Every structure is written in C-alpha cells, then in structure tokens.
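# Summary of the model geometry
The residues making up each chain are set out below.
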Amino acid sequence: MDISESVLEMYEDILKNISNKNNVETSLSSSIEEIFNPGVEQEEYKKNNNDNNEELNNNGNSYIYENSNMNQSNDKDHDVELHGYNKHHQTRINIFEMMNTSTSEISTWDLSDDTSAINLVAFNLDSYTMSNKLVEGKSYEFGYLSIRTVDNMYKKLSHEYQLLVNNATNVREISMSYNYEMKYNFTDLNEIETLPFNSIIDVQVTVLRDYGITAGNTNGNSWMRRELHVGQNGVNIKLTLWNEQAKVISTSVIQKSLKIKYVKIDYFNGLRTLVSMGNTRLTIASTSEKISYHLIHANPSILFQNTTTLRIFMKTIIHSLLLSIIQHKCTTFNINLTVLECASTSNLINQLVPFVNTLRKHCNRCNTSIPFVSIADIAYLLVQNKTNQWTLAIDTNVYSKNQQLRLFESVKYGKNNPLVLSTKFPFHSEIKYSYSNLLKKSLIIFMEHDIIPKIYLKDKNFVVDLYSISNPINTLS
Ligand SMILES: [Zn+2]
C-alpha cells in the first residue's frame, strides 16, 4: 500500500459526507427555490385553489409536477403557473426533519435543500408507504411530486407552497454534498404586531416567566402545555409550547435566551401570542457553548502504532494542509513566504488569519491535491475561540499519552456534555444504531490477531507495515 494513497483514503473517509458523487443528474432536478419562484399569475392561481387545502384527498387542487402532463393540460391557470419550471420533472430534496402528525391519514415532513425548506404531505396509503421509506437526516430524490398552495391556517413552514405525494411519485435515497445546518431568520418581537396571524417565524427571546407544564385530556387526546412569558428589548409576548415541545428543555429556562425556529403567531384574548407546532425547533442560545466532534474511525483500513505517532501524523497533515493554502495562488490570494516562515504551523496560522474570510468565500474552486477538497474547505480548519482568537479547529492535545477515552454517553465530571452520535455524520450515514453497537464503536479495543496495516514512525518518516510483511514497504517524509 502506498502511504500517500492511504492518506487520501483516510481523507475520503473523513470527507465522504461532503463529497458529491451525484452531480451528473443535477440538471434533472430543481431546487426548492426554483419550484417556488412565484409567477405573475400567482394571485389568480391562489384565488382558485386555496379553498380546500387540508382535505383528506389530493385530487382537487394539485397538479402533477411533470413535463408531459403539462403539455397535455388544457387548464390555462396550470399552464401559466408552471411557466418557468416546466422543464424539470424531478425535484431533489434533502430531508432534515421528519415530523409525522398523529393521524395515520396524513403525514408531514419538513424537507430542505440548500436554497429553502418546504413541507411534503402524504395522505392515506401514501402516508403509510412514505413513512416507511423516509428517514430523518437522509437525502432523497423525488420524482413526480405535486405542488399546491397552502392555506395560512395549516402552514408549518413559511412557504406559500407544499409538495404532495401522488400515485406516480417515486423516491430513491441518494448521497448529497449538502449538509443541513439550522439557519435562523429572526423576526423582532416589535414586528409581530404588524404580521398576519398564522405567520411562521423564527425568534430569539429571553424567558421572563415560566408557568410550568400542565397536562390534560380532550376528546380522548392527551395533551401537554407549557406557558412561558418571553421578552425582547422591552416587548413581551406569551409563548405556548405544546406536547413534545413542552418537554424539550427539562431544566429551568428563566432568564435564558431561547432560539426558536418555526413558531406560529396566534392570538388569545385579543393579544398576539406565539405557539409551537410539531416541527418547531427550540434551543437555549448560548455563545459560550462548545461542541466537540470526536471522529471515530470505526472500520479502519490502517492503524497507528501509538497515540504519539498519531499526534505527529495529525500535526504533519494539518501543517501540509495550511501550507497548501499558502502555496496556492489565485486572483484573490497571492502571498510569498520564505521556507523558514513556512516551517511552523503557528506562523502559518498567523499569516492566514487576515485572509480566512476571503479564502472561504472566493477559493471554493481553488483545488487541492485531495479530491473534493477546495482551498475554501481547508480554510475552515481555522476557527475563532471564545476570546475571538484564531486557532485550529482540530484539538491536537487529545493525541496525548495520558488522554482518557470517552465512551458513548459518558459525561465529564461536573459537566453535562455526553458523547452522543452526531446526526450530521453518523456511522455509515445510519441514524439508528443500538446502544450496545454505539458503545462498542466508541471503545478502543485490543485486537490480538488483527490483520490491519500499521503506521510507524521511523527516522522521522512514517512507515507503513503490512501485517504479513515485516519489511516496511513505503515511506513518507
Ligand atoms: Zn484561491
């Protein structure tokens, strides 16, 4: 095995989730933004179509989102409405959230790509079959979906449209380069008075009072409710969290800042209030919170002799990555350093700091020797710490002799920071793993008769030793 090849393999493993192998078919698909680019005739269309949105059938006011159907259509409105996107017949969407409503007749999912988010609705048998196919966090390509406008009353996202599953709809799982990241579009509390009821907004508020959780039962349906009084710059409003949302934060929330995504503007006793929905996202906002990602190479093709070798290897890799930025030249980046100036990683960081944002923004097409990795990607190796100083995103201190290992769900003494499975980068892109399986994967295990090649450090060179061959076969300076 060639060492440089194995390094590349490691990188491919690490970066598998952001490499896109399905580019070829992109031209067939449309982004959510493309679909919902409103046309001039939209008002007229809405007038004709928004009256029976939440019915348990999808035959009436929707149309098949497909080219040939459009050509055969005699309906003027539909023809006009589809102007601009009738070239596409498939839409490829990344699912970031799966929110099944309680009835078996309707299922709703929030779908997202890098342009926007939209609801997907399925009824009756479609609801059942789709629920078995779609898994939160995975990416899918949908073909032959229908689209329709959505009445404000039933909105769960701020979009004017929603997607519908119909008899012709097909779906297949794909791998996609896009990783969903929660983005907020905050509305100020003082703007709420001017917004229509049932608007879906994001807010960041401070909790002033917490009236606690009440539970009840209405017509055989049990419910749970948590009433909060929240404020922002002197403007106060009531916030009601329903059911699961009431329990999301188990600790006291008084005086804490909450970030809330997809909350609905409602009214009670003549006053505007905010109410949660099934897909509302609620988090305690904290600027000092630190998240560490632990990379676990669960099925290694190569192992390291010991942690010291691994640390030197990591430092070498980081140094060479930063060097690749320094050495690349393009229209927005062109600096020259002496060999001596390039020698230390800390000096490379100092030299790169003024350019970090430029590199991230403009160098996404500046290639490196690593497939799928651009100079802009590497620029994300540099991050700001709590005191706004630039540092490495990778903590090399963990590669030390006396480093304690973290087990799945273990918490550091006196802290509340369990090691949990990442939803963004789960093992083999699987979200569902058994507890014991996850625990095993987080263990460092002694392997008696392992047959995996090892990387050793010998005379300042990394040496790969194949299990059956005692002679080193390749070196890397
Ligand atoms: Zn560049």
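Anyway, here's the lowdown on the structure attached to this text. (Residues numbered from 1 in each chain as written. Predicted model: local features only at pLDDT ≥ 70, side-chain atom pairs only at ≥ 80, totals over all residues. Heavy atoms only, no water.)

## As for the overall build of the chain
The test is simple: Secondary structure counts use DSSP, requiring at least four H or I residues in a row for a helix and at least two E residues in a row for a strand, with both numbered from the N terminus. Relative accessible area decides the class of each residue, using a 1.4 Å probe on protein chains only: under 20% of the type maximum gives buried, over 50% gives exposed, and in between gives partly exposed. What makes two residues a contact is simply this: any of their non-hydrogen atoms within 4.5 Å. Each accessible area value is a Shrake-Rupley result obtained with a 1.4 Å probe; residue values ignore everything except the protein chains displayed when judging cover.
The helix and strand inventory of the chain stands at 12 helices and 20 strands. When burial is assessed residue by residue, the chain has 39% of its 477 residues classed as buried. When contacts within the chain are restricted to residue pairs at least 6 apart in sequence, those whose partners lie at least 24 apart make up 61%. If you sum the accessible surface of the chain, you get close to 27,600 Å²; carbon and sulfur atoms cover 50% of it.

## What to know about the coordination of the zinc ion
Just so we agree on the cut-off: Note on donors: an N, O or S atom is included if it sits within 2.8 Å of the metal, or within 3.2 Å for Na, K and Ca, and water is never included, so sites can look incomplete. Donor angles set the geometry label: tetrahedral for four donors if every angle is between 85 and 135 degrees, square planar for four and octahedral for six if opposite donors exceed 155 degrees and the others are between 65 and 115, irregular for anything else.
Surrounding the zinc ion are the protein donor atoms His328 (NE2), Cys330 (SG), Cys363 (SG) and Cys366 (SG), at 2.1 to 2.3 Å. Geometry at the zinc ion is tetrahedral, judged from its four donor atoms and the angles of 104 to 115 degrees they form at the metal.

## Side note on the environment of Ile326
Within the secondary structure, Ile326 sits in helix H8 (residues 307-327). Note: C-alpha distance between Ile326 and Ile349 (23 residues apart in sequence) is 9.9 Å. Setting aside chain neighbours within four positions, we find Ile326 in contact with Phe333, Ile335, Leu337, Cys342, Leu348, Gln351 and Leu352.

## Some thoughts on the nonpolar core
So the rule is basically this: Buried Ala, Val, Leu, Ile, Met, Phe, Trp, Tyr and Cys residues that are joined via side-chain atoms within 4.5 Å together make up what is termed a nonpolar core.
Formed by 35 residues in total, the largest nonpolar core has its most connected members in Leu322, Ile325, Leu352, Leu359, Leu382 and Ile455. Put simply, the parts of the chain that give this core at least two residues each are H8, helix H9 (345-352), helix H10 (356-362), helix H11 (375-379) and strand E19 (461-465). When residues no more than four places from it in sequence are discounted, the contact partners of Leu322 are Thr345, Leu348, Ile349, Leu352, Leu381, Leu382 and Leu392. By size, the runner-up hydrophobic cluster in this structure holds 19 residues, among which are Leu189, Ile192, Val205 and Leu282.

## Describing the sheet that holds strand E12 (residues 235-242)
Let me state the cut-off plainly: In short, DSSP must find at least two bridges between two strands for them to pair. Angles run from 0 to 180 degrees between N-to-C directions of axes, and those axes are lines fitted to C-alpha atoms, restricted for helices to the stretch in contact.
Spatially, E10-E11-E12-E14-E13 is the arrangement adopted by the five strands of the closed barrel, whose pairing is mixed. Averaged over all neighbouring strand pairs, the angle between strand axes comes to 40 degrees, with direction disregarded. As paired strands, strand E11 (residues 221-232) and E12 are joined by eight bridges and run antiparallel to one another. In the strand pairing of E12, Leu228 is matched with Leu239.

## Details of a nonpolar patch on the surface
Let me state the cut-off plainly: Only residues above 30% relative accessible area that lack a salt bridge enter a patch, with like-charged residues linked at up to 9 Å and the nonpolar side chains Val, Leu, Ile, Met, Phe, Trp and Tyr linked at up to 5 Å. By definition here, a salt bridge exists when the distance from a side-chain nitrogen of Lys or Arg to a carboxyl oxygen of Asp or Glu is within 4 Å.
Residues Leu405, Leu407, Leu443 and Ile444 make up a contiguous nonpolar surface patch of roughly 370 Å² in combined accessible area. Within the element layout of this structure, Leu405 appears in the loop between strand E17 (390-392) and helix H12 (435-441). Judged by relative accessible area, which is 46%, Leu405 ranks as partly exposed.

## So, the pattern of salt bridges
Using the criterion set out here, one finds seven salt bridges in the structure. Residue Lys238 is joined to Glu227 by a salt bridge in which the shortest nitrogen-to-oxygen separation is 3.7 Å. Here Lys238 is found in strand E12, whereas its partner Glu227 is found in strand E11, with 11 residues between them in sequence. The class of Lys238 is partly exposed, set by a relative accessible area of 23%. Lys247 is paired through a salt bridge with Glu244; the nearest N and O atoms lie 3.5 Å apart. Of this pair, Lys247 and Glu244 both sit in helix H7 (residues 244-247), three residues apart, which is roughly one turn of that helix. Residue class for Lys247 comes out partly exposed when judged on its relative accessible area of 41%. Its relative accessible area of 56% is what places Glu244 among the exposed residues. Connected through shared salt-bridge partners, Arg225, Glu227 and Lys238 make up one network.

## Quick look at the packing of H8 against H9
What counts, and what does not: Left-handed describes a crossing in which the near helix is turned anticlockwise from the far one by less than a right angle; the clockwise case is right-handed. Each residue is assigned to one of three groups, with Ala, Val, Leu, Ile, Met, Phe, Trp, Tyr, Cys and Pro labelled nonpolar, Asp, Glu, Lys and Arg labelled charged, and all others, Gly among them, labelled polar.
Between H8 and H9, the shortest axis-to-axis distance is 10 Å and the interhelical angle comes to 35 degrees. The handedness of the crossing between H8 and H9 comes out as left-handed. Judged by residue contacts, Ile318, His319, Leu322, Leu323, Ile325 and Ile326 of H8 engage Thr345, Leu348, Ile349, Gln351 and Leu352 from H9. Broken down by class, the residue content of the contact of H8 with H9 amounts to eight nonpolar, three polar and no charged.

## Structural notes on H8
Here is the rule: Helix span, expected: 1.5 Å multiplied by one less than the number of residues in the helix. What qualifies as a polar contact is a pair of N or O atoms within 3.5 Å, subject to a donor-acceptor requirement within protein and to the restriction that residues adjacent in sequence count only when both atoms come from side chains.
In a regular helix each residue adds 1.5 Å, so 21 residues correspond to 30 Å; H8 covers 30 Å between its end C-alpha atoms and thus fits that length. Along H8, the residues classified as buried are Thr309, Leu310, Phe313, Met314, Ile317, Ile318, His319, Leu321, Leu322, Leu323, Ile325 and Ile326. Put simply, Asn306 is the residue that caps the front of H8, since its side-chain oxygen is 3.1 Å from the backbone nitrogen of Thr308.

## Details of the environment of Ala393
Structurally, Ala393 can be placed in the loop between E17 and H12. Accessibility expressed as a relative area gives 44% for Ala393, which makes it partly exposed. Placed 10 residues apart in sequence, Ala393 and Val383 show a C-alpha to C-alpha distance of 5.6 Å. Apart from the residues within four sequence positions on either side, Ala393 is in contact with Tyr380, Leu381 and Val383.

## Quick notes on unusual backbone geometry
Look at Asn124: it is not a glycine, yet its phi comes out positive at around 50 degrees. In this structure, Asn124 sits in helix H6 (residues 124-133). Positive phi is not limited to glycine here, since Tyr144 has a value of about 60 degrees. Summarising the element assignment, Tyr144 is placed in the loop between strand E6 (139-143) and strand E7 (146-149). According to the relative accessible area criterion, Tyr144 is partly exposed, its value standing at 25%.

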